Amino acid sequence: MRLQIKNFAKIKEADITLDGITVIAGENNTGKSTVGKILNSYFKAFKEYPIQINSQRDRRISNFIINYVYINDSELNSNNSIDELKQRVFLYLSDKSEKNYQSIINVCRDDVCHNSDYFDIEEAKKLISDIVKVSEISDISILSSIVNSKFSSAFNNQINNINNQVESELVISIKKSVSRIVFKNNLCTEINLPIRIVNSSFFIDNPNTLNNLTNNNIRAKSQNNFVFRLFRDNLFSSFSDEGQPDFISKIIANDKLNEIYHLLENTGIGSIEKQENGHYIYNSKNLSQPLEILNLSMGLKSFVLLKSLLQENAIKEKDILIFDEPEIHLHPAWQIIYAQLLVLLQVTFDLTLVITSHSPYFIDAINLYAAKYDALKNCNFYLSEMEDNQVTFKNVTNNIDKIYEKLADPFDTLDTLRYELQEEGKLC
């Protein structure tokens, strides 16, 4: 997969290969997180997009029908009237014959209003007219609205560069398919050759996501939070559309995850458990009694969050996982373990991992464990740099030392200060 970016937010230009593990390093405020948000937004917008389009259209048509029935039906069988009217409406939309048109009128008069004295034919005709208008909205218009929603939510309605407002362009290449999106004035204005995405994406930037399982106020505001959605109904994505657990998928996954679970076990990472009252707690063999999730350290939450996704079979082969500075709450020793977990995860499920970081320990661990597990050939390293208030990305896969040199600048500053203080006799 390949992601090309032009004039998006603060990014002037980027050409990034996403094949296995992609590490993006750099200083703060150099657009690292923007890449992950772009990729996640694209996958959310284009995940089975024909189904999303039809769902949007059908939902609006259903709302028209439900409102009409509830206003005009005085009987107790409103649901039957709704079902009958829906059936007639969708039949008419597939074949706009006079016969099918009249059948809608008949249902409105006989099954909804029940009495011709209360039947307003003009109101029924308006219902049909409104529904036809919805059915005639183009797929690309609806898809553009979906794209706007996903990207605007991720970037708080600031997609274009605030300093120049030139068009933003994204080009996504997956195998032989190439898709192009253009944004102007923070809105999607052009979509060429959209790619139908079948895999899921996860954007993981904050271990406190787990708090949503216990805080009702946060929970009410976090319906779009992926971990909350996974735990909310205790169904998780291991359940199929019919509501039955995907046992075979879970068995296969567990067979592959032995090494990862062994590593987590050795690190002493416990699990999230749901109690009978619906409350979630954290439990571990090292604890005499469970802990409230809110009382876990940020570092421990990072591991528990990842383990929860694995245990509940949420991660599937070839999914996209985006980790935004995952090492930020971890001690250097745990950074190394977490890096090993991510590499093992990529190798196990053939995932696309995008990792942003400014920790030399963590990046070096990713590089070394990728070599250990024969995944280095599928690793790409990038360095983000700011110049004239715009960000560019350099591919430093063949010269990863450039990342270490950039991240070593603070150590050089401290060494210089230490030498000066020693010279002044202020430091032994």
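Scope of this entry: the structure provided in the associated data block.

Procedures and definitions
Residues numbered from 1 in each chain as written. Predicted model: local features only at pLDDT ≥ 70, side-chain atom pairs only at ≥ 80, totals over all residues. Heavy atoms only, no water. 1 Å grid on protein atoms, 1.4 Å probe; cavity = no way out; pocket = protein on both sides within 12 Å on 5 of 7 lines; lining within 4 Å. Points joined across faces, edges and corners; volume = space filled by probe spheres on them. Helix = DSSP H or I, 4+ residues; strand = E, 2+ residues; numbered from the N terminus. Nonpolar A, V, L, I, M, F, W, Y, C, P; charged D, E, K, R; others polar. Patch = residues over 30% accessible without salt bridge, like charges linked within 9 Å, V, L, I, M, F, W, Y side chains within 5 Å. Areas by Shrake-Rupley, 256 points an atom, 1.4 Å probe, with all protein chains shown as cover. Salt bridge = Lys/Arg side-chain N within 4 Å of Asp/Glu carboxyl O. Lys, Arg positive; Asp, Glu negative; His and termini not counted. Charge placed at Lys NZ, Arg CZ, Asp CG, Glu CD. Buried < 20%, exposed > 50% of the residue type's maximum accessible area, 1.4 Å probe, protein only. Core = buried A, V, L, I, M, F, W, Y, C linked by side-chain atoms within 4.5 Å. Contact = heavy atoms within 4.5 Å.

**With respect to empty space enclosed by the protein**
Then, in step 1: By the definition in use, this model includes one cavity of 30 Å³ or more.
Then, in step 2: Residue lining of the largest cavity: 13 residues in total, with Ile204, Asn206, Pro207, Ser302 and Pro326 positioned closest to the centre.
Then, in step 3: Breaking the lining of the largest cavity down by element, the ones donating at least two residues are α11 (298–311) and β11 (320–324).
Then, in step 4: Broken down by class, the residue content of the lining of the largest cavity amounts to seven nonpolar, three polar and three charged.

**As for a negative patch on the surface**
Then, in step 1: A contiguous patch of negative charge, built from Asp401, Glu405, Asp409 and Asp412, is present on the exposed surface.
Then, in step 2: Looking at the negative patch, the elements that each hand over two or more residues are α14 (401–407) and α15 (409–423).
Then, in step 3: Positionally, Asp401 belongs in helix α14.
Then, in step 4: Its relative accessible area of 44% is what places Asp401 among the partly exposed residues.

**A few points about the nonpolar core**
Then, in step 1: Ranked by size, the top nonpolar core spans 55 residues in total, and within it Phe323, Leu345, Ile363 and Ile403 carry the most contacts.
Then, in step 2: Per element, the largest residue contribution to this core is eight residues, and it comes from helix α12 (residues 332–349).
Then, in step 3: When sequence neighbours within four positions are dropped, the list of residues in contact with Leu345 reads Ile260, Leu306, Leu310, Ile315, Leu321, Asp350 and Leu351.
Then, in step 4: Membership of the second largest hydrophobic core comes to 40 residues, among which are Phe43, Ile53, Ile172 and Val391.

**Quick notes on the pattern of salt bridges**
Then, in step 1: Taken as a whole, this structure holds 15 salt bridges when the rule is applied.
Then, in step 2: Here Asp139 makes a salt bridge to Arg57, at a shortest N to O gap of 2.8 Å. Of this pair, Asp139 sits in helix α6 (residues 139–155) while Arg57 is found in helix α2 (residues 49–72), placing the two residues 82 residues apart along the sequence.
Then, in step 3: Among the salt bridges present, the one from Arg418 reaches Asp415, with a minimum N-O distance of 3.0 Å. Of this pair, Arg418 and Asp415 both sit in helix α15, three residues apart, roughly one helical turn.
Then, in step 4: Using a relative accessible area of 39% as the deciding quantity, one classes Arg418 as partly exposed.
Then, in step 5: One salt-bridge network, held together by shared partners, links Glu169, Arg180 and Glu190.

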